[in-house]
Amino acid sequence: MHETSTVARSATPGIWRLRWDIVNKRCASLGAQTDDERATLMGISRATLNRWRRGIDTTARQERRAAERLGLPRDAMWERAAS
C-alpha cells in the first residue's frame, strides 16, 4: 500500500511521482492510446499530463479527478520517489 500524505504533493516537489505503468495500463484498457486521449480521459490538460510525467506541478484536486475518472485509488497512481 502506498503511503498517504496529508500535505499536497505539489507542496513537496520531487517526492511523489506518477506510476505510469499503472496509469498507462488503465488508460489502454479504457481505449486511450495517445497522450491527448489519456489527458481527456483523466480530465486534465495535455500540459498537465506532461508536467506529471516530468514529476512536477500536481494538485490534490487534479489527482482526485484523474483517479476517479480512471477508476483507480488515488494512492495507487502515485508513489514516493527515491531520494
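Relevant structure appears above.
The notes below deal with the structure included here.

The rules behind the values
Starting from 1, residues in each chain are numbered consecutively following that chain's sequence as written. Local features in this predicted model are restricted to residues of pLDDT 70 or higher, and side-chain atom pairs are both shown and tallied only at a pLDDT of 80 or more, whereas totals for entire chains, interfaces and linings draw on every residue. In computing side-chain values, all of the structure's heavy atoms are included and hydrogens and water are not. Buried residues are those whose accessible area, probed at 1.4 Å on protein chains only, stays under 20% of the maximum for their type, while exposed residues exceed 50% and partly exposed ones sit between those limits. Numbering goes from the N terminus for both helices and strands, where a helix is a DSSP run of H or I of at least four residues and a strand is a run of E of at least two. Within this analysis, the arc is defined by the directions that extend from the helix axis to the C-beta atoms. Only heavy atoms matter for contacts: two residues are in contact if any of them lie within 4.5 Å across the pair. Note on geometry: axes are C-alpha line fits, over the in-contact stretch for helices, and angles between N-to-C directions span 0 to 180 degrees. Convention used here: angles under 35 degrees read as roughly parallel, angles over 145 as roughly antiparallel, angles from 65 to 115 as roughly perpendicular, and any remaining angle as oblique. Note that Gly is not counted as nonpolar here; it falls among the polar residues with everything else outside the nonpolar set of Ala, Val, Leu, Ile, Met, Phe, Trp, Tyr, Cys and Pro and the charged set of Asp, Glu, Lys and Arg. Only centres within 6.5 Å qualify two rings of Phe, Tyr or Trp (six-membered ring in Trp) as a pair; their planes then separate them into stacked at under 30 degrees, edge-to-face at over 60, and tilted for everything else. In this analysis the charged atom, NZ for Lys or CZ for Arg, is taken to sit over a ring once it is within 6 Å of the ring centre and within 35 degrees of the ring normal.

### Describing helix α4 (residues 60–70)
Every buried residue of α4 is accounted for by Q62, E63, A66, A67 and L70. All buried residues of α4 project into a common sector of 130 degrees when viewed along the axis, lining one side. Away from its buried face by more than 90 degrees, α4 exposes R61 and E68. Here the buried face of α4 lies against α1 (20–29), α2 (35–42), α3 (46–54), α5 (74–77) and β2 (78–80). Just past α4, the residue G71 takes up positive phi, approximately 70 degrees.

### Digging into the packing of α2 against α4
Packing of α2 against α4 leaves a shortest axis separation of 8 Å and a crossing angle of 100 degrees. Put simply, α2 runs roughly perpendicular to α4. Across the interface between the two elements, T40, L41 and M42 of α2 pack against R65, A66, R69 and L70 of α4. Within the contact of α2 with α4, the residues separate by chemical class into four nonpolar, one polar and two charged.

### A look at the packing of aromatic side chains
Per the stated rule, a full pass over the model turns up one aromatic pair. Ring geometry for W52 against W78: centres 5.3 Å apart, planes inclined by 75 degrees, an arrangement best described as edge-to-face. Of the two residues, W52 sits in helix α3 while W78 sits in strand β2, which places them 26 residues apart along the sequence. Judged by its relative accessible area of 2%, W52 falls in the buried class. Relative accessible area serves as the criterion here: at 3%, W78 is assigned to the buried category. Cation over ring: R53 sits above W20, and NZ or CZ is 4.6 Å from the ring centre.

### With respect to α2
Taken together, the buried positions of α2 are D35, R38, A39 and M42. The buried residues of α2 occupy an angular sector of 95 degrees when the element is viewed end-on, so they sit on one face. Contact partners of the buried residues in α2: α1, α3 and α4. Where α2 ends, the next residue or the one after it, G43, has phi of about 75 degrees, a positive value.

### Some words on the packing of α2 against α3
Here α2 crosses α3 at 100 degrees, and the two axes come no closer than 9 Å. Taken as axis vectors, α2 and α3 run roughly perpendicular relative to one another. Contact residues: α2 offers D35, D36, R38, A39 and M42, while α3 offers R46, L49, N50 and R53.

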